[in-house]
Amino acid sequence: MTRQSRPPSALTIAGSDSGGGAGIQADLKTFAAHGVHGLSAIAALTAQHTRGVTSVHVPPVEFLRAQIDACFDDFDIGAVKLGMLANADVIHAVADALEAYKPRFIVLDPVMVATSGAKLLEDDALDALRTRLLPLASILTPNIPEAELLVGSPIVDADSAMQAIRALLAMGAKALLLKGGHLDEGDMVVDRYADAEAEVALMHARLPLEAHGTGCTLASAIAANLCIGLSMQEAAREASDYVERALRLGYRPGRGEVVVLDHF
Ligand code: PLP
């Protein structure tokens, strides 16, 4: 038996995690859990397990473009999720492709450093990310350290978080979800959604665990939700809830302490 109806498709342009917890692997699991067909263009490959990244390989940008072209040639792509892009050359190649194909939605997860401390974006690529990708993004999903680097000032509390959000909107982000996991706000983790009209705090109880792949999963869940027709604010809210549920069901697949999300 084959199913004849065509599900919506989402494309992730991101890095591969050989340990299966983050990156492309988390994105495809998230798409599948939302009933969305997952496409992938692999911008970087990491040799990685639950204790860290041991090596990174960046394929030629021409090959990345070939993967993106193959996807746009054949599928009706509802949303594109951007994750680990490694360096400025890759960012320029991705921006060129997105400017050519103009997908309906672009979710930009400005991946810079892994929780383990591994660097996933070259230092000199920040400017390219700011000038080429931020203006194309429908929504930006930084964590606190990434937002600090993008705006150039520290985020230490709710007030400085709101200032950073306004600065990012002023830099051209149409909407953003600032992930609160790195900020100490007592028992709660507060993800802050904002666009030109709304500012919404999405709150969950802090879970006592060290997790891996939460950022990738959040951004790909937003992309999947946009594909299936949710508004931007609803897509962000549902994605924040999804990550919290997947974390509660999380498990430790390797020898490290780190918990990987279960995509139920
Ligand atoms: N590896 C890849 C390929 C990623 O894209 C990311 C995050 O985006 C990570 C690792 C880091 O994940 P985490 O910071 O959740 O450990």
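Model, not experiment: these values are computed from the prediction.

Conventions and cut-offs
- Residues numbered from 1 in each chain as written.
- Predicted model: local features only at pLDDT ≥ 70, side-chain atom pairs only at ≥ 80, totals over all residues.
- Helix = DSSP H or I, 4+ residues; strand = E, 2+ residues; numbered from the N terminus.
- Rg over C-alpha atoms; globule rule 2.2 N^0.38 Å.
- Contact = placed C-beta atoms within 7 Å.
- Near = placed C-beta within 6 Å.
- Nonpolar A, V, L, I, M, F, W, Y, C, P; charged D, E, K, R; others polar.
- UniProt positions renumbered as here; feature names shortened; annotations may be inferred.
- Buried ≥ 20, exposed ≤ 12 C-beta atoms within 10 Å, placed from the backbone.
- Arc of directions from axis to C-beta.
- Axes fitted to C-alpha atoms, helices over the stretch in contact; angles between N-to-C directions.
- Parallel < 35°, antiparallel > 145°, perpendicular 65-115°, else oblique.
- Left-handed = near helix turned anticlockwise from the far one by under 90°.
- Core = buried A, V, L, I, M, F, W, Y, C linked by C-beta atoms within 7 Å.
- Pairing = 2+ DSSP bridges.
- Right-handed = clockwise from strand over helix to strand, strands pointing away.

Concerning the overall build of the chain
Piece 1. Per the secondary structure count, the chain includes eight helices and eleven strands.
Piece 2. Taking 2.2 N^0.38 as the reference for a compact globule, 264 residues should give roughly 18 Å; the C-alpha atoms of the chain span a radius of gyration of 17 Å, in line with that estimate.
Piece 3. Referenced to the eigenvectors of the C-alpha coordinate spread, the extents of the chain come out at roughly 50 × 40 × 40 Å.
Piece 4. The long-range share in the chain, meaning contacts at least 24 apart out of those at least 6 apart in sequence, stands at 70%.

Here we look at the site of the ligand
Piece 1. As a matter of local geometry, the ligand sits amid 19 residues, with Gly-15, Gly-23, Met-84, Ala-114 and Thr-115 nearest to it.
Piece 2. Looking at the shell around the ligand, the elements that each hand over two or more residues are strand S1 (9–17), strand S2 (37–49) and helix H7 (214–227).
Piece 3. Residue classes in the shell around the ligand are distributed as seven nonpolar, eleven polar and one charged.

Let's talk about the UniProt feature "domain: Pyridoxamine kinase/Phosphomethylpyrimidine kinase" (unreviewed entry) in the chain
Piece 1. Mapped onto the present numbering, the UniProt feature "domain: Pyridoxamine kinase/Phosphomethylpyrimidine kinase" (unreviewed entry) falls at residues 17–258.
Piece 2. Between the C-alpha atoms that bound residues 17–258 there is a distance of 14 Å. The span itself is 41% helix and 21% strand.

A short note on helix H4 (residues 126–133)
Piece 1. Of the positions making up H4, those classed as buried are Ala-128, Leu-129 and Leu-133. Within H4, the buried residues cover an arc of 100° as seen down the axis, which keeps them to one side.
Piece 2. In this fold, the buried residues of H4 make contact with strand S4 (77–82), helix H3 (88–101) and strand S5 (106–108).

Examining the packing of H7 against helix H8 (residues 232–248)
Piece 1. Axis separation between H7 and H8 bottoms out at 8 Å; the angle between their running directions is 135°. Regarding the angle of H7 to H8, the classification is oblique. In this structure, H7 crosses over H8, and the sense of that crossing is right-handed. Of H8, the residues touching H7 (which contributes Thr-214, Thr-217, Leu-218, Ala-221, Ile-222, Asn-225 and Leu-226) are Glu-234, Ala-235, Ala-236, Glu-238, Ala-239, Ser-240, Tyr-242, Val-243, Ala-246 and Leu-247.
Piece 2. Of the residues assigned to the contact of H7 with H8, the class counts are eleven nonpolar, four polar and two charged.

Overview of the nonpolar core
Piece 1. Counting residues in hydrophobic clusters, the biggest one holds 83 residues, and the most contacted among them are Ile-222 and Ala-223.
Piece 2. Top element by residues in this core is H7. It accounts for nine residues.

Details of the packing of H3 against H4
Piece 1. Running from N to C, H3 and H4 cross one another at 10°; their axes reach a closest spacing of 9 Å. For the element pair H3 / H4, the angle class is roughly parallel. Of H4, the residues touching H3 (which contributes Ala-88, Ile-91, His-92 and Ala-95) are Ala-128, Leu-129, Arg-132 and Leu-133.
Piece 2. Here the residues of the contact of H3 with H4 are counted per class, giving six nonpolar, one polar and one charged.

Topic: the pairing of strand S7 (residues 175–178)
Piece 1. On S7, burial covers both faces: Ala-175 and Leu-177 on one face and Leu-176 and Leu-178 on the other are all buried.
Piece 2. Bridge analysis of S7 against strand S8 (residues 188–195) gives four bridges, and the strand direction is antiparallel. Within the sheet, the bridge partner assigned to Leu-177 lies in S8 and is Tyr-193.

Details of the pairing of S4
Piece 1. Along S4, six of the six residues are buried, which leaves the element largely enclosed by surrounding structure.
Piece 2. Here S1 runs beside S4; their pairing, made up of five bridges, is parallel. Bridge pairing links Thr-12 to Lys-81 in S4.
Piece 3. Two elements, S4 and S5, share three bridges in a ladder whose sense is parallel. Bridged to Leu-82 within S5 is Leu-108.
Piece 4. Viewed along the sheet, the connection from S4 through H3 into S5 turns out right-handed.

Here's the deal with unusual backbone geometry
Piece 1. Its identity is not glycine, yet Ala-86 carries a phi of approximately 70°, on the positive side.
Piece 2. Assignment of secondary structure puts Ala-86 in the loop between S4 and H3.
Piece 3. The backbone of Lys-102 shows a phi angle near 45°, a positive value even though the residue is not glycine.
Piece 4. Along the polypeptide, Lys-102 turns up in the loop between H3 and S5.

Considerations on the environment of Ala-79
Piece 1. With respect to the helices and strands, the residue Ala-79 is situated in strand S4.
Piece 2. We classify Ala-79 as buried; it has 27 C-beta atoms within 10 Å.
Piece 3. Along the sequence, Ala-79 and Arg-255 sit 176 residues apart, while their C-alpha atoms lie 35 Å from each other.
Piece 4. When residues no more than four places from it in sequence are discounted, the contact partners of Ala-79 are Ala-10, Pro-103, Arg-104, Phe-105, Val-107, Ala-223, Leu-226 and Cys-227.

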